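Residue-level structural notes
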Amino acid sequence: MNKKDKKFFKNVDAVSGCEPVYGRNGKIAHWKVTVEANEFPRFRAPDLYGAFMASWVQTINDKKQARHIITYLFRDGLFGRGAERAWQFRINMLGQMAINHNENTK
């Protein structure tokens, strides 16, 4: 993940696990990772290597604050290595959450 992408994912609050998405033939077609944040600096999410954005949902909570939920799908296949890319993306997001937590507790 490059610096521009890390800047985009600055305010990450939650990251889901790597969930398999099955195709019509019953084999794993994609791996899904959902990122939840309270604020994104721009509307267009970055394109990640080996992934595509499946959905972007914005909701409003009780305190009138926007919540953004972005779902990424990582293609799996013979050389797709979707599980590895999804897992690495999740680890990067958890690391970003830890950095934000340390900065907020100073």
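This section reports on the structure supplied with the text. Quantities reported herein were computed from a predicted structural model and do not represent experimental measurements.

Right, let's get into the packing of aromatic side chains. Per the stated rule, a full pass over the model turns up two aromatic pairs. Here the aromatic rings of phenylalanine 74 and phenylalanine 89 are separated by 5.7 Å at their centres, their planes lie at 45 degrees, and the arrangement is tilted. Placement of phenylalanine 74 in strand β5 (residues 66-75) and of phenylalanine 89 in helix α2 (residues 82-104) is noted, with a sequence separation of 15 residues between them. According to the relative accessible area criterion, phenylalanine 74 is buried, its value standing at 1%.

Glancing now at the pattern of salt bridges. By the definition in use, this model includes two salt bridges. Note that lysine 32 is salt-bridged to glutamate 19, the shortest N-O span being 3.5 Å. Of the two residues, lysine 32 is situated in strand β3 (residues 28-37) and glutamate 19 in strand β2 (residues 19-22); the sequence distance between them amounts to 13 residues. On the basis of relative accessible area, lysine 32 is assigned to the partly exposed category, the value being 28%. Among the ionic pairs, glutamate 84 bridges to arginine 81, the shortest N-O distance being 3.1 Å. Classification of arginine 81 as partly exposed rests on a relative accessible area of 47%.

With respect to the helices and strands, the residue serine 16 is situated in the loop between β1 (12-15) and β2. Classification of serine 16 as buried rests on a relative accessible area of 18%.

Another point: the pairing of β3. Bridge count between β1 and β3: three bridges; the pairing is antiparallel. Following the sheet pairing, valine 15 is matched in β3 by valine 35. Two elements, β2 and β3, share four bridges in a ladder whose sense is antiparallel. Bridge pairing in β3 links glutamate 19 to lysine 32. Taking the residues that link successive antiparallel strands as the turn, the β2-β3 hairpin has five residues, and the phi of glycine 26 there is positive, at about 90 degrees. Where β3 lies against β5, eight bridges are found, and the strand directions are antiparallel.

Right, let's get into the nonpolar core. Counting 17 residues, the largest nonpolar core has Phe9, Val33, Tyr72, Phe74, Phe89 and Met93 as its most contacted members. Of all the secondary structure elements, the ones that give two or more residues to this core are β1, β3, β4 (51-60), β5 and α2.

What counts as what
Residues numbered from 1 in each chain as written. Predicted model: local features only at pLDDT ≥ 70, side-chain atom pairs only at ≥ 80, totals over all residues. Heavy atoms only, no water. Phe/Tyr/Trp six-rings, centres within 6.5 Å; stacked < 30°, edge-to-face > 60°. Helix = DSSP H or I, 4+ residues; strand = E, 2+ residues; numbered from the N terminus. Buried < 20%, exposed > 50% of the residue type's maximum accessible area, 1.4 Å probe, protein only. Salt bridge = Lys/Arg side-chain N within 4 Å of Asp/Glu carboxyl O. Pairing = 2+ DSSP bridges. Core = buried A, V, L, I, M, F, W, Y, C linked by side-chain atoms within 4.5 Å.

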